[in-house]
Amino acid sequence: MRTFVRCGQLFSGREDDARKGETLVFDQQGVIEYAGPEAASPRRARSDQVLDYSGCFVMPGLIDVHTHLAYGNAKSEEDIDLYSPLEFRTLRGMFFAQKVAAAGFTAICSPGDAGQISLSIRNAIRAGLFDGPRVMAAGRYVTTHQGLTDWYPSWIGAPETSIGKLVTTIAEAIEEIRRQVKDGVDCVKIALDGIQRRDNGELVAAFTQEETEIMVREIHRLGKKAVAHARGREATLYAARSGVDLIFHANHLDDECIAAMLETGSAISPTLTHPRNTIDFTQPHEPAFLKGRPEHAQREYEIGCANWKKARAAGVPLLTGTDTGFAVTPYGEWNARELELFVEDLGFTPAAALRAATEVNAGFMTGGDRIGTLEPGRAADFIVLDASPLADIRVLQEKSRLHAVYIAGKEVGLPDRPYDPRQVTDFALSNWTDLYTRARVAELRQQRPTLAAAE
Ligand SMILES: [Zn+2]
């Protein structure tokens with residue numbers, strides 16, 4: 001039995017236009033046999049099935065290369081690392097992976113997660129236990145005292161349940177890489193900066209150039225992809241020179257970084273959604289606001305946009321990813337905002353943004369030669385919309401516009417089940433956000449009449 005999909009408009013991911021009146025044909029295994037004009041399509045047998053989407057826009061399933069399945073919509077670093085057991089986080093991660101699939105994302109890369117959460121979710125979906133997106137899984141970030149995820153005081157270190165694995169020698173780094181590969185990861189994440197700055201404000205790379213090269217060489221020797229967190233210039237340069245496959249953020253890249261990226265083939269996932277949501281959503285009473293995070297994010301965002309545009313103009317591929325998994329980037333809610341921001345802030349056309357989130361992202365994913373475009377030999381991973389994102393990229397964010405999601409030719413029928421966020425992620429121990437000195441209390445008492453009047 002084959003399935004014939006009548007498409008009002010078919011966007012294959014291979015070109016900038018959608019073609020009208022085309023048909024997609026896929027077999028029982030969910031592999032595409034034909035994509036083209038209805039008139040030239042294979043003959044239909046009586047047992048074949050027809051899906052009539054002749055009033056709709058059909059395109060490849062979206063891919064997000066930056067969705068952390070273990071974070072659970074975290075409000076703080078402790079929330080990511082400490083407050084819930086790995087077993088609970090895995091079940092929660094499966095639930096949230098389904099939320100992301102229901103939003104039209106048929107494949108995700110989870111670059112950096114505690115324990116073996118992402119790869120367990122990947123395997124459970126792959127074994128047919130649950131419906132869900134295709135998952136490209138990493139393990140814990142490999143980090144040093146200068147890198148992201150070693151964010152607690154040195155006498156605490158990175159606990160076993162943390163998303164980071166602290167290594168103190170290059171031998172330990174290699175051991176961790178080999179162990180992760182044995183456990184079955186698709187990629188290894190290196191925390192190349194994120195914690196320490198020099199007195200001039202510059203972020204310090206967590207590993208030396210030589211150490212970075214040794215790690216990346218070993219990851220590649222074992223047949224896996226290397227991904228890195230790098231915001232500063234130094235870490236971005238080390239990553240690019242070492243041939244890290246995908247660099248997240250890279251806000252402070254310069255011409256030397258671009259040249260190295262072109263030489264080794266590194267791509268960038270600038271990850272616009274997390275900072276933009278931080279800028280746009282953080283409320284004045286929140287600790288993030290009081291610490292000046294939105295302002296800092298704004299500055300970094302502006303610097304980043306100018307640099308990412310330069311890198312793109314030079315020919316460095318830009319991949320879409322959101323840093324989903326934080327309280328400002330809940331699963332399935334904003335994944336498609338990244339495409340809107342690619343258009344608004346990086347000057348992509350809607351077609352180029354769609355191709356970034358499908359064809360270009362697929363080029364990085366494990367098994368990516370089977371996804372990302374709708375053409376013979378590829379998987380029938382596609383979504384059905386009742387409006388064209390080529391006319392307005394924001395329609396991808398409207399749940400009411402998304403009619404169906406197919407993975408390997410099977411419609412994913414995931415119920416939009418509500419959940420109690422306080423029992424899912426809100427385990428932080430903080431009770432107060434203010435400090436009640438005598439002076440502060442006196443100040444508050446003075447403000448009280450005004451507050452009362454405002455009510
Ligand atoms: Zn991230």
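Here the structure is a predicted model, which is why all the values come from computation and not from measurement.

**Q** For this particular structure, what's the right way to read the overall build of the protein?
**A** Assigned secondary structure in the protein consists of 14 helices and 16 strands. The globule rule puts the C-alpha radius of gyration for 455 residues at 23 Å, and the 23 Å found for the protein is close to it. The principal-axis extents of the C-alpha atoms in the protein amount to approximately 80 × 60 × 40 Å. Split into buried and exposed, the 455 residues of the protein put 55% on the buried side. Taking the intrachain contacts of the protein between residues at least 6 apart in sequence as the baseline, contacts between residues at least 24 apart amount to 69%. Across the protein, the 51 positively charged side chains and the 62 negatively charged ones have centroids separated by 3 Å.

**Q** What exactly am I supposed to notice about the pattern of salt bridges here?
**A** Between side chains of opposite charge, a pair can form as their charged atoms come close. Following the criterion strictly, the structure yields 35 salt bridges and no others. Notably, a salt bridge pairs Arg 14 with Glu 359, separated by 2.7 Å at the nearest N-O pair. Separated by 345 residues along the polypeptide, Arg 14 in the loop between strand 1 (3-10) and strand 2 (19-26) and Glu 359 in helix 12 (residues 350-364) bring together distant segments of the chain. A relative accessible area of 36% places Arg 14 in the partly exposed class. One continuous salt-bridge network, built from bridges that share partners, spans Arg 14, Asp 16, Arg 355, Glu 359, Glu 375 and Arg 378.

**Q** Explain the sheet that holds strand 7 (residues 134-137) here, please?
**A** Hydrogen bonds along the backbone pair up the strands of a sheet, which may run parallel or antiparallel. Across the sheet, 3 strands lie side by side as 5-6-7; this open sheet has parallel pairing. Of all the strands in the sheet, just strand 5 (62-64) and strand 7 have a single pairing partner and so form its edges. Across the sheet, the mean angle separating the axes of adjacent strands is 10 degrees when strand polarity is ignored.

**Q** Before we go on, may I ask you to explain the state of the cysteines in this structure?
**A** Covalently bonding the sulfur atom of one cysteine to the sulfur atom of another cysteine gives a disulfide. For the coordinates displayed, the defined rule picks out 0 disulfides. Looking at Cys 56, it has no disulfide partner, and the nearest cysteine sulfur is the one in Cys 7, 9.2 Å off. Of the residues examined, Cys 56 reaches a relative accessible area of 14% and is grouped as buried.

**Q** Please explain the coordination of the zinc ion as it appears in this structure.
**A** In an ideal octahedron of six donors the angles at the metal are 90 or 180 degrees, and in an ideal tetrahedron of four donors they are 109.5 degrees. The protein atoms donating to the zinc ion are His 66 (NE2), His 68 (NE2) and Asp 323 (OD), with metal-donor distances spanning 2.0 to 2.3 Å. The sequence motif formed by the donor residues of the zinc ion is H-x1-H-x254-D. Taken together, the positions of His 68 in the loop between strand 5 and helix 1 (77-81) and Asp 323 in the loop between helix 10 (293-314) and helix 11 (337-346) put the pair 255 residues apart, joining distant regions of the chain. On the accessibility criterion, His 68 (1% relative accessible area) is buried.

**Q** Help me understand the nonpolar core in this model?
**A** Across soluble globular proteins, nonpolar side chains have a tendency to be buried as a group. Ranked by size, the top nonpolar core spans 95 residues in total, and within it Met 59, Leu 253, Ile 268, Trp 308 and Leu 396 carry the most contacts. Among all residues touching Trp 308, those that are not within four sequence positions of it are His 249, Ala 250, Asn 251, Leu 253, Ile 268, Pro 270, Leu 272, Tyr 301, Leu 318 and Leu 346.

**Q** Sorry if this is basic, but what is going on with the packing of aromatic side chains here?
**A** Think of a pair of aromatic rings as described by two things: how far the centres are apart, and how the planes are tilted against each other in angle. Applying the stated criterion to the full structure yields 11 aromatic pairs. Taking the centre distance of 5.4 Å and the plane angle of 65 degrees together, the rings of Phe 95 and Phe 96 count as edge-to-face. Judged by its relative accessible area of 22%, Phe 95 falls in the partly exposed class. Put simply, the rings of Phe 26, Tyr 53, Phe 382 and Tyr 406 pair up and form one aromatic cluster. Note that Arg 44 overlies the ring of Phe 4, its terminal NZ or CZ placed 6.0 Å from the centroid. Positioned above the aromatic ring of Phe 348 is the side chain of Arg 312, whose terminal nitrogen or guanidinium carbon lies 3.6 Å from the ring centre.

Parameters at a glance
Residues numbered from 1 in each chain as written. Predicted model: local features only at pLDDT ≥ 70, side-chain atom pairs only at ≥ 80, totals over all residues. Heavy atoms only, no water. Helix = DSSP H or I, 4+ residues; strand = E, 2+ residues; numbered from the N terminus. Rg over C-alpha atoms; globule rule 2.2 N^0.38 Å. Buried < 20%, exposed > 50% of the residue type's maximum accessible area, 1.4 Å probe, protein only. Contact = heavy atoms within 4.5 Å. Lys, Arg positive; Asp, Glu negative; His and termini not counted. Charge placed at Lys NZ, Arg CZ, Asp CG, Glu CD. Salt bridge = Lys/Arg side-chain N within 4 Å of Asp/Glu carboxyl O. Pairing = 2+ DSSP bridges. Axes fitted to C-alpha atoms, helices over the stretch in contact; angles between N-to-C directions. Disulfide = S-S within 2.5 Å. Donors = N, O, S within 2.8 Å, 3.2 Å for Na, K, Ca; no water. Core = buried A, V, L, I, M, F, W, Y, C linked by side-chain atoms within 4.5 Å. Phe/Tyr/Trp six-rings, centres within 6.5 Å; stacked < 30°, edge-to-face > 60°. Lys NZ or Arg CZ within 6 Å of the ring centre and 35° of its normal.

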